[in-house]
Structures are given as structure tokens and as C-alpha cells.
Amino acid sequence: RQMHMLAILDRTSGALKWHHSGSWIRQHDPDITEQGTIEVFNNNPPVDNEMFLEGGSTIVGYDPASGVAEKLYPLDDSQPFYTDIMGTHQRLNNGNRLITESRAGRLFEIDGNGKIVWEYIGAYDETHSLLFEDAIRYEKSFFNDTQWQC
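Rules used throughout
- Residues numbered from 1 in each chain as written.
- Predicted model: local features only at pLDDT ≥ 70, side-chain atom pairs only at ≥ 80, totals over all residues.
- Heavy atoms only, no water.
- Helix = DSSP H or I, 4+ residues; strand = E, 2+ residues; numbered from the N terminus.
- Core = buried A, V, L, I, M, F, W, Y, C linked by side-chain atoms within 4.5 Å.
- Buried < 20%, exposed > 50% of the residue type's maximum accessible area, 1.4 Å probe, protein only.
- Contact = heavy atoms within 4.5 Å.
- Salt bridge = Lys/Arg side-chain N within 4 Å of Asp/Glu carboxyl O.
- Pairing = 2+ DSSP bridges.
- Axes fitted to C-alpha atoms, helices over the stretch in contact; angles between N-to-C directions.
- Polar contact = N/O pair within 3.5 Å; in protein donor to acceptor, adjacent residues only side chain to side chain.
- Phe/Tyr/Trp six-rings, centres within 6.5 Å; stacked < 30°, edge-to-face > 60°.
- Lys NZ or Arg CZ within 6 Å of the ring centre and 35° of its normal.

1. Some words on the environment of Leu92
Inference 1: Its location among the elements puts Leu92 in the loop between β7 (88-91) and β8 (97-101).
Inference 2: Along the sequence, Leu92 and Ile110 sit 18 residues apart, while their C-alpha atoms lie 9.9 Å from each other.

Put into C-alpha cells, the structure is as follows:
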């Protein structure tokens, strides 16, 4: 992460199998998609970086086959978000994405066009907020209350 690099290691030996440095900074929370691309949360602290919003976090998609990186969110300057630490993203079954903006105490979901469909801000008071490390969306079927015993 501090090398601003994506890497794939052999699970058994720990050997480095593949790596690439790109236009991301302090990236983490990688997901390899069924199409073979890699999607990461890019903290992107303030720097002069023409590909991404200056000093704004982004969700980045990288295609190792073509070497092409693209900003998946935000799609323009109208919905910036930023957390210098932590932050997660989860692609949902309906094509939406759940994003955790940790330092802002904010959880939000975007649709495939980058439109915010809902958000929650955990305000503590007028100047402080909660810190969310992570958020995960579970399908309703995950909660099978017939197995719960009190």
C-alpha cells in the first residue's frame, strides 16, 4: 500500500506473482471482478494528479490485460468524497456500490450511473462525526431468524 502498488501473492509460498504501480495513492480494499479487472479504494491524498480529483478519494478500476485504469466513482467533480485513512467499497448484486467514507462518518450507495441512492452520516455533534471502518450489505436471506435462539 505504501508503495502505491497492486500485487498478487501466491497463497502458499507468499511469492510475488504479479504487481503494478498506477495512478492510485494509498489504495486498498481490492476486489478482482469476474471480468478480471481489479477495483480498489484510492485514498488519493492531496497531490497534483491529473487522472483523479485533486485530494479526493476515488474508486478505481484497473484492467491488467490492457493496462487501462479508470475512475469508477466519482464520475465528475459534483460528488467528491475523501477519507485519508480506511474507506471501503462493495459492489452489490444489483450493480450498485456501497461506499464507506470513514473519517466523515458517512455510508452511501451509488447506482451504476454514480447517482447517490441513499446515504447515512453518523454525526456526533456539529463538528464531529463517527468513524466507520467498514460497511457490508448482506442479502435478506443472510438473516434466517429461525436459527437464532434467545
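2. Structural notes on the nonpolar core
Inference 1: Core analysis: the biggest nonpolar cluster contains seven residues, these being Phe41, Ile59, Tyr73, Phe81, Ile99, Phe108 and Ile110.
Inference 2: The contact partners of Ile59, leaving out residues within four places of it in the chain, are Val40, Phe41, Glu70, Lys71, Leu72, Tyr73, Phe81, His89, Arg97 and Ile99.
Inference 3: Counting residues in each nonpolar core, the second largest holds six residues, with Trp24, Ile38, Val40 and Tyr62 among its members.

3. Digging into the pattern of salt bridges
Two side chains carrying opposite charge are able to pair once their charged atoms lie near each other.
Inference 1: In this structure the tally under the stated criterion is six salt bridges.
Inference 2: Arg91 serves as the salt-bridge partner of Glu39, at 2.9 Å between the closest nitrogen and oxygen. A residue pair is termed long-range when its members are at least 10 positions apart, and Glu39 in strand β4 (residues 38-42) and Arg91 in strand β7 qualify at 52 residues.
Inference 3: By relative accessible area, which is 44% here, Arg91 ends up partly exposed.

4. Remarks on the sheet that holds β8
Inference 1: As summarised here, the arrangement of the four strands in space is β7-β8-β9-β10, forming an open sheet in which the pairing is antiparallel. Across the chains shown, the open sheet's two edge strands, defined by having one partner strand only, are β7 and β10 (116-121). Averaged over neighbouring strand pairs, the angle between their axes works out to 10° when direction is ignored.
Inference 2: Where β7 and β8 come together, four bridges link them in antiparallel fashion. Within β8, the residue paired with Gln90 across the bridge is Leu98.

5. Considerations on the side chain of Asn43
Inference 1: Here Asn43 is to be found in the loop between β4 and β5 (58-63).
Inference 2: For Asn43, the side chain forms a polar contact with the main-chain oxygen of Met86, separated by 3.1 Å.

6. A short note on the environment of His4
Inference 1: Within the secondary structure, His4 sits in the segment before β1 (5-9).
Inference 2: For His4, a relative accessible area of 27% translates into the label partly exposed.
Inference 3: Put simply, His4 and Ser21 are 17 residues apart on the chain and 6.0 Å apart in space, counted from C-alpha to C-alpha.
Inference 4: The residues touching His4, leaving out its near neighbours within four places in the chain, are His20, Ser21, Gly22, Trp24, Ile25, Arg26 and Gln27.
Inference 5: Engagement of the side chain of His4 in a polar contact is seen with the backbone nitrogen of Arg26, the distance being 3.0 Å.

7. Remarks on the packing of aromatic side chains
Inference 1: Scanning the entire structure with this criterion turns up seven aromatic pairs.
Inference 2: With a centroid separation of 5.7 Å and 35° between ring planes, the pair formed by Tyr73 and Phe81 is classed as tilted.
Inference 3: Taken together, the ring pairs connect Phe41, Tyr73, Phe81 and Phe108 into an aromatic cluster.
Inference 4: When the ring centre of Phe108 is taken as origin, the NZ or CZ atom of Arg106, which lies over that ring, is 3.9 Å away.

8. Details of the pairing of strand β3 (residues 27-32)
Inference 1: When β3 meets β4, the two strands line up antiparallel, connected through four bridges. When the bridges of β4 are listed, Ile32 appears paired with Ile38.
Inference 2: The antiparallel hairpin formed by β3 and β4 contains five residues in its connecting segment, where Gly36 sits at a positive phi of about 90°.

By themselves, these figures tell us nothing about what the structure is for.
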